[in-house]
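So you can see what is in the structure, the chains are spelled out below.
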Amino acid sequence: MQALVIVAHGSHLNPDSSAPTYDHADTIRDVGAFDEVKTGFWKEEPSLREVLRTVESDEVFVVPMFISEGYFTEQVIPRELRLDGWDVSEWDSDGLSASHATLTAADTNQRVHYCGPVGTHESMTDVLVRRAESVTDDPEVGAGFGLAVVGHGTERNENSAKAIEYHAERIREMDRFDEVQALYMDEEPEVDDVTEYFESDDVVVVPLFIADGFHTQEDIPEDMGLTDDYRTGYDVPAEVDGHRIWYAGAVGTESLMADVVLERAAEAGADVGDAVETVRERTRGSPAAGD
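Within every chain, residues take consecutive numbers counted from 1 along the sequence as written. At least 70 in pLDDT is required for a residue's local features to be given in this predicted model, at least 80 for side-chain atom pairs to be given and counted, and no such filter applies to totals for whole chains, interfaces and linings, which use all residues. Heavy atoms throughout the structure, all of them, feed into the side-chain values; hydrogens and water do not.

Student: I keep staring at unusual backbone geometry and nothing clicks. Help me out?
Tutor: Peptide bonds are mostly trans, and most non-glycine residues show a negative phi. Note that the residue after Glu188, namely Pro189, is joined by a cis bond; omega there is -10°. Under the scheme used here, helices are H or I runs from DSSP no shorter than 4 residues and strands are E runs no shorter than 2 residues, and both carry numbers assigned from the N terminus. Inspection of the secondary structure puts Pro189 in the loop between strand S8 (179-184) and strand S9 (202-207). Note the cis peptide between Val236 and Pro237, where omega equals 5°. Positionally, Pro237 belongs in the loop between helix H6 (214-224) and strand S10 (238-240). One non-glycine residue, Asn109, lies in the positive phi region at around 65°. Mapped onto the fold, Asn109 is located in the loop between strand S5 (100-105) and strand S6 (111-115). Phi at Asp175 is positive, roughly 55°, even though this residue is not glycine. With respect to the helices and strands, the residue Asp175 is situated in the loop between helix H5 (158-174) and S8.

Okay, structure coming up:
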């Protein structure tokens, strides 16, 4: 038997925080790639500390629903899962290249394949593009459009910006959009000035966040000038400084995210069969989670 455990932050204050994790778990459960699919959270139940005890399988693949490598993926999750002998050097990563490490859970004796976060996986690039397709309702969107990949940005974790830059560069190399920029909330270049970084009349803005919450639903729309008060809503697209801004909301709510989780597990040795192809086909044209 093999099990998949998707772990995420969760929130006591924002009920939407865990919704994408549950949705992607349901998608993977439906394709039958694992005997068990479970979810665990830092700030919700079932907790990270208890989740392995809910799993019957001896072989467990743990995939973090986080954007970057850092405090939670390197310290909190391994500690709470009680992964015996864990050290961040197991990943041998430069901040973007964590793949997986195989360890034993100290109190359950399960063999745990601990994977890198979804946000740094190369397939996340496809999810960002799919999010642009979803918000514009155009599977061929690109020509005549700019694309902004937006991250939080923080001096406390240099890896936060690495993931944003990585995916922006990969999309730029596709030569699909006229312009591609990486923008941030808390460092330069700032998303507040989004129109200053694009010549294109149409700009798709995709936040590289796992779930919609305070930042994606309130801060970013107001910072970009889509609305003076997020509670009154805003148009998509919205006119700002002569540009049409197509604001997509958190990339983690896109249905195709389930594919990234599967690919992480497969690279760690999980037998997923044709589940990756099935998920890609099933999520084509599906509404984003929570939409």
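Student: Honestly, a negative patch on the surface in this entry has me stumped. Any pointers?
Tutor: Patches were defined on residues exceeding 30% relative accessible area and lacking a salt bridge, with like-charge contacts within 9 Å and nonpolar side-chain contacts (Val, Leu, Ile, Met, Phe, Trp, Tyr) within 5 Å. Throughout, the Shrake-Rupley method with a 1.4 Å probe supplies accessible areas, and for residues the shown protein chains are the sole cover considered. We define a salt bridge as a contact between a side-chain nitrogen of Lys or Arg and a carboxyl oxygen of Asp or Glu at a distance within 4 Å. Charged-residue counts in this description rest on Lys and Arg as positive and Asp and Glu as negative, His and the chain ends being excluded. A single reference atom marks each charge: NZ on Lys, CZ on Arg, CG on Asp, CD on Glu. Taken together, the side chains of Glu188, Asp192, Glu222, Asp223 and Asp228 define an acidic patch exposed on the protein surface. Along the chain, the position of Asp223 falls in helix H6.

Student: Explanation requested: the sheet that holds S8 in the structure shown.
Tutor: Strand pairing in a sheet takes place through backbone hydrogen bonds and is either antiparallel or parallel in direction. For two strands to pair, DSSP has to find at least two bridges joining them. Taking strand neighbours across the sheet as the criterion, the five strands line up as S8-S7-S9-S11-S10 in an open arrangement whose pairing is mixed. The sheet is open, and its two edges are formed by S8 and S10, each paired on a single side. With strand direction ignored, the average angle separating the axes of adjacent strands in the sheet is 30°. In the sheet, S9 pairs with strand S11 (residues 243-247) via four bridges, with the strands oriented parallel. In the strand pairing of S11, Asp202 is matched with Arg244. Note on definitions: a residue-residue contact is assigned when non-hydrogen atoms from the two residues lie within 4.5 Å. Fitted lines through C-alpha atoms serve as axes, helices being fitted only where they are in contact, and the angles separating the N-to-C directions of these axes extend from 0 to 180 degrees. Here helix H4 (residues 124-136) sits on the sheet and contacts strand S7 (145-151), S9 and S11; the angle it forms with S9, its principal contact strand, is near 125°. Against the sheet, H5 makes contact with S7 and S8, and its axis sits at roughly 170° relative to S8, the strand it touches most.

Student: Please explain the packing of helix H7 (residues 257-267) against helix H8 (residues 275-283) as it appears in this structure.
Tutor: Each pair of packed helices can be described by the angle between their axes along with the distance between the axes. At a minimum axis separation of 9 Å, H7 and H8 run at an interaxial angle of 175°. Relative to H8, the element H7 is oriented roughly antiparallel. In this structure, H7 contributes Ala258, Asp259, Leu262 and Glu263 to the contact, and H8 contributes Ala275, Val276, Val279 and Arg280. Each residue is assigned to one class: nonpolar for Ala, Val, Leu, Ile, Met, Phe, Trp, Tyr, Cys and Pro, charged for Asp, Glu, Lys and Arg, and polar for all the others, Gly among them. By residue class, the composition of the contact of H7 with H8 is five nonpolar, no polar and three charged. Orientation categories follow fixed angle ranges, with anything under 35 degrees roughly parallel, anything over 145 roughly antiparallel, 65 to 115 roughly perpendicular, and all other angles oblique.

Student: I tried to follow the nonpolar core on my own but got confused; where do I start?
Tutor: Soluble, globular proteins show a tendency: their nonpolar side chains are buried together. As used in this record, nonpolar core signifies buried Ala, Val, Leu, Ile, Met, Phe, Trp, Tyr and Cys residues forming a set joined through side-chain atoms within 4.5 Å. Exposure is judged per residue with a 1.4 Å probe applied to protein chains only, and the accessible area is read against the type maximum: over 50% gives exposed, under 20% gives buried, and values in between give partly exposed. Counting residues in each nonpolar core, the largest one holds 55 residues, and the members touching the most others are Leu4, Ile28, Phe34, Val118, Phe177 and Leu262. Discounting residues that sit within four places of it in the chain, Leu262 has contacts with Ile28, Ala33, Phe34, Val272, Ala275, Val276 and Val279. Among the nonpolar cores identified, the runner-up in size contains 22 residues, and Val7, Val60, Trp86 and Leu103 belong to it.

Student: Just to check I follow, could you spell out the side chain of Asn14 for this structure?
Tutor: Looking at the secondary structure, you find Asn14 in the loop between strand S1 (2-8) and helix H1 (19-31). Judged by relative accessible area, which is 19%, Asn14 ranks as buried. We call two N or O atoms a polar contact when they sit within 3.5 Å, provided that within protein one can donate a hydrogen and the other can accept it, with sequence-adjacent residues counted only if both atoms are side-chain atoms. Of note is the side chain of Asn14, whose polar atom sits 3.0 Å from the backbone nitrogen of Asp16. One polar contact links the side chain of Asn14 to the main-chain carbonyl oxygen of Asp212, over a distance of 3.1 Å. When near neighbours in sequence (up to four residues on either side) are disregarded, Asn14 contacts Glu44, Asp212 and Gly213.

Student: Explanation requested: the packing of aromatic side chains in the structure shown.
Tutor: Aromatic ring pairs are defined here through the distance separating the ring centres and the angle between the ring planes. Any pair of Phe, Tyr and Trp rings, taking the six-membered ring for Trp, is counted once the centres come within 6.5 Å. Such a pair is stacked with planes under 30 degrees apart, edge-to-face with planes over 60 apart, and tilted for the rest. Inspection of every chain in the model, using the stated rule, returns ten aromatic pairs. For the ring pair Trp42 and Phe72, a centre distance of 6.2 Å and an interplane angle of 70° mean the geometry is edge-to-face. One end of the pair, Trp42, is in the loop between strand S2 (36-41) and helix H2 (48-51); the other, Phe72, is in helix H3 (residues 71-81), with 30 residues separating them in the sequence. Residue Phe72 is classed as partly exposed on the basis of its relative accessible area, which comes to 22%.

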